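# Coordinates in review
Here is what each chain is made of, one letter per residue.
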Amino acid sequence: MKTVKARNVVFEYIRRDEEGNVEGINTAVDHVSLDVNPGEFIAILGHNGSGKSTFAKHINAILYPTEGNLWVDGMDTLDEEKLWEIRQTAGMVFQNPDNQIIGQVVEEDVGFGPENMGVPTKEIWERVEESLKAVGMYEYRKHSPNKLSGGQKQRVSIAGVLAMHPKCIILDEPTAMLDPNGRADVIRAVRALNEVEGMTVILITHYMEEIIHADKVFVMDKGKIAMEGTPKEVFSRVEELKALRLDVPQVTLLAYELQKRGLPIPKGILTTEEFTREIQKLRNPVRRA
Ligand code: ADP
Ligand code: MG
């Protein structure tokens, strides 16, 4: 079964004037169809206003399609009876960790979710421990969240979602408010969840370097899916990415420019290591017999 299956999802925000008359309709998601398989690491990219957050909120049943359908683990989000099960299956982490942390002590904060779900006390503590360990924050369990850095707070928010034992975690620009160290720590924790725990991850970001390890990338533009493929496939299409106003990584651009000038470098270079390897091949060509 697909973890997420979207078919022709359309979402319209309706603008009304003071009397409640419709002033205009903004189609934020425009016929999006996509599949997410269990255990996949999916990245969603796109310029501001391209509809990423609006789409993500459908997976958590915060918003429902105006047209089309979206299923989470086989449950149609239009089915009101499934609302809580859907929200438990697909947990969401937002941009600002300060809006997500409510506890006075880290472990208490992480325990809120399972407590509200009626999980027995002993199991709550087991879940809190395992979740904090999974994001590398166990040693901070007795700390006050207020004293943590942005990156640490965001990892506590992630632990709070994990403690509800979701099958899928959606992160909507979780690193946007963090410094480079905090960003790296959060991404490392998210990758470990996916690789070690087999958790399905949907990461929305505009930092290109965060999507290098994704299994699949979707690029959104004006509510539509404009590009999809592996990171390598997507990053091979430099001109299209630029046209969609996305910042292509420096090393990808450099490789692209060299390739355009005739050097035999493959498309879709993503890392400095890969680039260096290709340049070394040029310096030491394999001798032909
Ligand atoms: P992204 O997350 O890619 O920046 P959003 O999903 O937030 O994009 O926004 C998509 C479009 O929907 C934008 O045009 C935005 O202005 C509009 N939009 C977002 N939230 C609302 C809202 N609450 N009411 C009306 N329009 C909205
Ligand atoms: Mg957004």
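Look above for the structure.
Sequence order as written defines residue numbering, which begins from 1 separately in each chain. Key to labels: chains lettered from A, ligands numbered from 1, both in the order written. Local features in this predicted model are restricted to residues of pLDDT 70 or higher, and side-chain atom pairs are both shown and tallied only at a pLDDT of 80 or more, whereas totals for entire chains, interfaces and linings draw on every residue. To obtain the side-chain values, all non-hydrogen atoms of the structure were included, while hydrogens and water were left out.

Here we come to the packing of aromatic side chains. Given two aromatic rings, their pairing is described by the distance between the two centres and the angle made by the two planes. Each Phe, Tyr or Trp ring (for Trp, its six-membered ring) is paired with any other whose centre lies within 6.5 Å, and the angle between the two planes then decides the class: stacked below 30 degrees, edge-to-face above 60, tilted in between. By the definition in use, this model includes one aromatic pair. When the centroid spacing of 4.8 Å and the interplanar angle of 80 degrees are considered together, the rings of Phe11 and Tyr13 count as edge-to-face. Summary of the burial criterion: residues with accessible area below 20% of their type's maximum are buried, those above 50% are exposed, and those between are partly exposed, where the area comes from a 1.4 Å probe applied to protein chains only. For Phe11, a relative accessible area of 10% puts it in the buried group. A ring has a charge above it when a Lys NZ or an Arg CZ is no more than 6 Å from the ring centre and no more than 35 degrees off the ring normal. Between the NZ or CZ atom of Arg87 and the centre of the ring of Trp84, over which it lies, the distance is 5.3 Å. The lysine or arginine in question, Lys133, covers the ring of Tyr138, its NZ or CZ lying 4.7 Å from the ring centre.

Before going further, it helps to examine the sheet that holds strand 5 (residues 75-76). On the basis of which strands lie adjacent, the open sheet formed by four strands has the order 2-1-4-5 and antiparallel pairing. Of all the strands in the sheet, the pair left with one neighbour each is strand 2 (22-36) and strand 5. Only heavy atoms matter for contacts: two residues are in contact if any of them lie within 4.5 Å across the pair. Interaxial angles span 0 to 180 degrees and are taken between N-to-C directions of axes, which are lines fitted to C-alpha atoms, for helices over the stretch in contact. Every helix listed is a DSSP run of H or I at least four residues long, and every strand listed is a run of E at least two residues long, numbered separately from the N terminus. Each of strand 1 (4-16), strand 2 and strand 4 (67-72) is contacted by helix 1 (residues 52-59), which is oriented at about 120 degrees to strand 1, the strand it contacts most. Whether two strands pair comes down to DSSP finding at least two bridges between them.

A few words now on unusual backbone geometry. Even without glycine at this site, His165 takes up a positive phi of about 55 degrees. Mapping His165 onto the fold places it in the loop between helix 5 (150-162) and strand 7 (168-172). By relative accessible area, which is 41% here, His165 ends up partly exposed. For Arg245, which is not a glycine, the phi torsion comes out positive at approximately 60 degrees. Mapped onto the fold, Arg245 is located in the loop between helix 8 (238-243) and helix 9 (250-260). Given a relative accessible area of 55%, Arg245 falls into the exposed group.

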